[in-house]
Amino acid sequence: ATAWDALSKSFRQAQCVLDQNRGLIEQVNANHQSKIPENLTKNVSLICEINGNISKVMSIYSDLSVNFTNIVQERRRSKRQAGDHGNE
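- In the nomenclature of an unreviewed UniProt entry, the protein chain corresponds to Protein EARLY FLOWERING 4 domain-containing protein from the organism Linum tenue.
- As stated in UniProt under Subcellular location (unreviewed entry), the record for the protein chain gives "Nucleus".

## Comments concerning the overall build of the protein chain
Here is step 1 of the chain: Across its full length, the protein chain holds two helices and zero strands.
Here is step 2 of the chain: Against the compact-globule benchmark of 12 Å for 88 residues, the protein chain has a radius of gyration of 21 Å, which places it well outside the compact range.
Here is step 3 of the chain: The dimensions of the protein chain, computed from C-alpha atoms along their principal axes, are 80 × 15 × 15 Å.
Here is step 4 of the chain: Within the protein chain, buried positions represent 19% of all 88 residues.

## Some remarks on unusual backbone geometry
Here is step 1 of the chain: Here K35, not a glycine, exhibits a phi torsion of approximately 60°, which is positive.
Here is step 2 of the chain: For K35, the location among the structural elements is in the loop between α1 (3-34) and α2 (37-86).
Here is step 3 of the chain: Under the relative-accessibility criterion, K35 is labelled exposed at 61%.

## Considerations on the UniProt feature "domain: Protein EARLY FLOWERING" (unreviewed entry) in the protein chain
Here is step 1 of the chain: When the UniProt feature table is mapped to this numbering, "domain: Protein EARLY FLOWERING" (unreviewed entry) covers residues 2-78.
Here is step 2 of the chain: The span residues 2-78 shows a helical share of 96% and a strand share of 0%, and its end C-alpha atoms are spaced 15 Å apart.

Reading the values: the criteria
Residues numbered from 1 in each chain as written. Predicted model: local features only at pLDDT ≥ 70, side-chain atom pairs only at ≥ 80, totals over all residues. Heavy atoms only, no water. UniProt positions renumbered as here; feature names shortened; annotations may be inferred. Helix = DSSP H or I, 4+ residues; strand = E, 2+ residues; numbered from the N terminus. Rg over C-alpha atoms; globule rule 2.2 N^0.38 Å. Buried < 20%, exposed > 50% of the residue type's maximum accessible area, 1.4 Å probe, protein only.

Here is the structure:
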(Lines give C-alpha, C1' and ligand atoms only; values in the text may rest on other atoms or scores of the structure.)
Protein backbone atom coordinates (compact mmCIF):
# COMPACT_ATOMS: atom_id res chain seq x y z
CA ALA A 1 0.00 0.00 0.00
CA THR A 2 1.19 3.48 -0.75
CA ALA A 3 1.75 6.09 1.92
CA TRP A 4 -1.36 7.92 0.75
CA ASP A 5 -3.40 4.73 1.09
CA ALA A 6 -2.28 4.48 4.71
CA LEU A 7 -3.27 8.09 5.38
CA SER A 8 -6.61 7.57 3.66
CA LYS A 9 -7.23 4.47 5.80
CA SER A 10 -6.60 6.53 8.95
CA PHE A 11 -9.08 9.18 7.84
CA ARG A 12 -11.68 6.48 7.15
CA GLN A 13 -11.10 4.95 10.61
CA ALA A 14 -11.52 8.34 12.27
CA GLN A 15 -14.67 9.07 10.26
CA CYS A 16 -16.15 5.71 11.25
CA VAL A 17 -15.64 6.47 14.95
CA LEU A 18 -17.03 9.99 14.50
CA ASP A 19 -20.11 8.52 12.79
CA GLN A 20 -20.54 6.15 15.75
CA ASN A 21 -20.39 9.15 18.07
CA ARG A 22 -23.05 10.93 16.05
CA GLY A 23 -25.40 8.01 16.63
CA LEU A 24 -24.52 7.83 20.33
CA ILE A 25 -25.09 11.58 20.76
CA GLU A 26 -28.49 11.28 19.06
CA GLN A 27 -29.37 8.46 21.48
CA VAL A 28 -28.20 10.52 24.49
CA ASN A 29 -30.36 13.44 23.31
CA ALA A 30 -33.39 11.20 22.83
CA ASN A 31 -32.90 9.66 26.28
CA HIS A 32 -32.50 13.09 27.84
CA GLN A 33 -35.66 14.42 26.18
CA SER A 34 -37.65 11.35 27.28
CA LYS A 35 -37.05 12.22 30.94
CA ILE A 36 -37.50 8.51 31.73
CA PRO A 37 -35.17 7.64 34.65
CA GLU A 38 -34.03 4.36 33.07
CA ASN A 39 -33.09 6.16 29.83
CA LEU A 40 -31.26 8.88 31.76
CA THR A 41 -29.28 6.18 33.57
CA LYS A 42 -28.31 4.63 30.20
CA ASN A 43 -26.81 7.99 29.24
CA VAL A 44 -23.97 7.49 31.71
CA SER A 45 -22.59 4.51 29.78
CA LEU A 46 -23.34 6.15 26.42
CA ILE A 47 -21.40 9.27 27.43
CA CYS A 48 -18.50 7.09 28.63
CA GLU A 49 -18.52 5.37 25.23
CA ILE A 50 -18.51 8.77 23.49
CA ASN A 51 -15.52 9.83 25.59
CA GLY A 52 -13.69 6.61 24.73
CA ASN A 53 -14.39 7.20 21.05
CA ILE A 54 -13.01 10.74 21.30
CA SER A 55 -9.80 9.24 22.72
CA LYS A 56 -9.70 6.79 19.79
CA VAL A 57 -10.06 9.62 17.28
CA MET A 58 -7.33 11.62 19.00
CA SER A 59 -5.05 8.59 18.84
CA ILE A 60 -5.84 7.99 15.16
CA TYR A 61 -5.12 11.65 14.32
CA SER A 62 -1.93 11.60 16.39
CA ASP A 63 -0.70 8.50 14.53
CA LEU A 64 -1.78 10.06 11.25
CA SER A 65 0.27 13.17 12.02
CA VAL A 66 3.37 11.10 12.79
CA ASN A 67 2.87 9.01 9.65
CA PHE A 68 2.39 12.10 7.50
CA THR A 69 5.54 13.70 8.92
CA ASN A 70 7.50 10.51 8.23
CA ILE A 71 6.19 10.37 4.66
CA VAL A 72 7.19 13.99 4.00
CA GLN A 73 10.66 13.46 5.51
CA GLU A 74 11.18 10.26 3.51
CA ARG A 75 10.20 11.99 0.27
CA ARG A 76 12.55 14.88 0.98
CA ARG A 77 15.35 12.41 1.70
CA SER A 78 14.63 10.54 -1.54
CA LYS A 79 14.65 13.76 -3.56
CA ARG A 80 17.95 14.86 -1.97
CA GLN A 81 19.53 11.47 -2.67
CA ALA A 82 18.29 11.54 -6.26
CA GLY A 83 19.76 15.04 -6.61
CA ASP A 84 23.09 13.93 -5.13
CA HIS A 85 23.36 11.08 -7.63
CA GLY A 86 22.67 13.48 -10.48
CA ASN A 87 25.78 15.53 -9.60
CA GLU A 88 28.25 12.65 -9.87
